[in-house]
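Close look at the chain arrangement
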Amino acid sequence: MTASPSPSAPLRLLAVHAHPDDESSKGAATMAMYAAAGIDVLVATCTDGSRGDIQNPAMEGEPHPKRDMAGARRLEMNKAAEVLGVRQRWLGFVDSGLPEGDPLPPLPKGSFATQTLERASAPLVRLVREFKPQVILSYDENGGYPHPDHIMAHRVAVEAFEAAGDPARYPGTGEAWAPSKLYYDRAFSPERFRALHFALEESGLQSPYAERIAAWLEADAEGHTPPAPTHPTTTQIECGDFFEARDDALRAHRTQVDPEGFFFAVSPATQRRVWPWEDYSLIQSRIPAELPEKDFFAGLR
């Protein structure tokens, strides 16, 4: 297995996301912070987002997304990447959509989530070997939430982390490269939601998280704590200065994000005061790691 180079090598972060817009709702401030600090940050977008519905009422009458949703989302992704200061690559798969109904209908033939793991992973393995990231960031086993493309994005990220350094695997996709660390994003961390919720209530402000908190408390027989996470937070990246960039990147995805919606219900200033971090779990590390961490590149600098 080809190891990562010496600590003096250029630092690179690869974030693996299912659709255009996921990079802006999960870990965006972290990526913007690292990019501003001179880290080479690359977003790998697995699918074209072509089966996304229009989520922003202001976009309902727009002809472009109705005629060519993938094309509209490509333009949105370009803008979001520019706002965050990151690079971005498409892995070339077709959006699987989110099936609805009981029983659920089959996924569209040929879509991302219907691919074999090897076929779905090959473009990402090739990208890892080309870009040579020390750190890979993706979702947990549930995909962050159980969309079939998110779950597949998790699977290919893990596969690429494990396989890219083995020259016997995925022949023809470049020279082997072993990333050093694999993280899962915890954008929907219950601890963060609780902290923001109670801070808003203490200030006499309406909390957009009340329904979510109530559901957690109802599920807890003692009525005290949110459900235990599958993967606890090991790493908190302080990136509050980039919350505005994150929000601007989200707004760039005009078809998918309502600028009056949930994501913008709490001001960046309040978030900086209460929870100025983004939360992650270190899942695998090929170098010694001391937890908790405040830097993806701890041990690599």
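Above this text sits the structure in question.
Conventions and cut-offs
Residues numbered from 1 in each chain as written. Predicted model: local features only at pLDDT ≥ 70, side-chain atom pairs only at ≥ 80, totals over all residues. Heavy atoms only, no water. Helix = DSSP H or I, 4+ residues; strand = E, 2+ residues; numbered from the N terminus. Buried < 20%, exposed > 50% of the residue type's maximum accessible area, 1.4 Å probe, protein only. Phe/Tyr/Trp six-rings, centres within 6.5 Å; stacked < 30°, edge-to-face > 60°. Lys NZ or Arg CZ within 6 Å of the ring centre and 35° of its normal. Core = buried A, V, L, I, M, F, W, Y, C linked by side-chain atoms within 4.5 Å. Contact = heavy atoms within 4.5 Å.

Re unusual backbone geometry
Residues other than glycine predominantly adopt negative phi, and peptide bonds predominantly adopt the trans conformation. The omega angle of the peptide bond from aspartate 102 to proline 103 is 5 degrees, so this bond is cis rather than trans. In this fold, proline 103 is placed in the loop between strand S3 (87-93) and helix H5 (117-131). With an omega dihedral of 0 degrees, the bond running from leucine 291 to proline 292 counts as a cis peptide bond. Structurally, the position occupied by proline 292 is in the segment after strand S7 (277-285). Phi is positive for aspartate 21, which is not a glycine, with a value near 115 degrees. The residue aspartate 21 is located in the loop between strand S1 (12-17) and helix H1 (22-25) in this model. Aspartate 21 sits in the buried class, given a relative accessible area of 13%. Phi at tyrosine 170 takes a positive value of approximately 50 degrees, unusual for a residue other than glycine. Checked against the element boundaries, tyrosine 170 lands in the loop between helix H6 (148-163) and strand S5 (181-185). Accessibility expressed as a relative area gives 8% for tyrosine 170, which makes it buried.

Focus: the packing of aromatic side chains
Given two aromatic rings, their pairing is described by the distance between the two centres and the angle made by the two planes. Per the stated rule, a full pass over the model turns up 10 aromatic pairs. Aromatic side chains tyrosine 34 and phenylalanine 296 sit 5.6 Å apart centroid to centroid with 25 degrees between the ring planes, which places their arrangement in the stacked category. With tyrosine 34 in helix H2 (residues 28-36) and phenylalanine 296 in the segment after S7, the pair connects residues that are 262 residues apart, well separated along the chain. Phenylalanine 296 matches tyrosine 34 in its accessibility class, with the two residues each being buried. Centroid distance phenylalanine 93 to phenylalanine 112: 5.0 Å. Interplanar angle 40 degrees. Geometry classified as tilted. On the criterion of sequence distance, the pair formed by phenylalanine 93 in strand S3 and phenylalanine 112 in the loop between S3 and H5 is long-range, its members being 19 residues apart. When sorted by exposure, phenylalanine 93 lands in the same class as phenylalanine 112, which is buried. If you follow arginine 192 out to its NZ or CZ, it ends over the ring of phenylalanine 193, 5.7 Å from the centre. We note arginine 251 situated over the ring of phenylalanine 264; from NZ or CZ to the ring centre the distance is 4.5 Å.

Digging into the nonpolar core
The biggest cluster of nonpolar side chains holds 33 residues, and the ones touching the most others in it are Leu13, Met31, Tyr34, Val41, Val86, Phe296 and Phe297. Going through the elements one at a time, S1, H2, strand S2 (40-47), helix H4 (69-84), strand S4 (135-138), helix H9 (243-252) and S7 are the ones with two or more residues in this core. A per-element tally of this core places H2 first, with 7 residues. The residues touching valine 41, leaving out its near neighbours within four places in the chain, are Leu13, Met31, Tyr34, Ala35, Val86 and Arg87.

Let's talk about the environment of valine 94
With respect to the helices, strands and loops of the structure, valine 94 is situated in the loop between S3 and H5. Excluding residues that lie within four positions of it along the chain, valine 94 makes contacts with Thr47, Asp48, Ser50, Arg51, Ser111 and Phe112.

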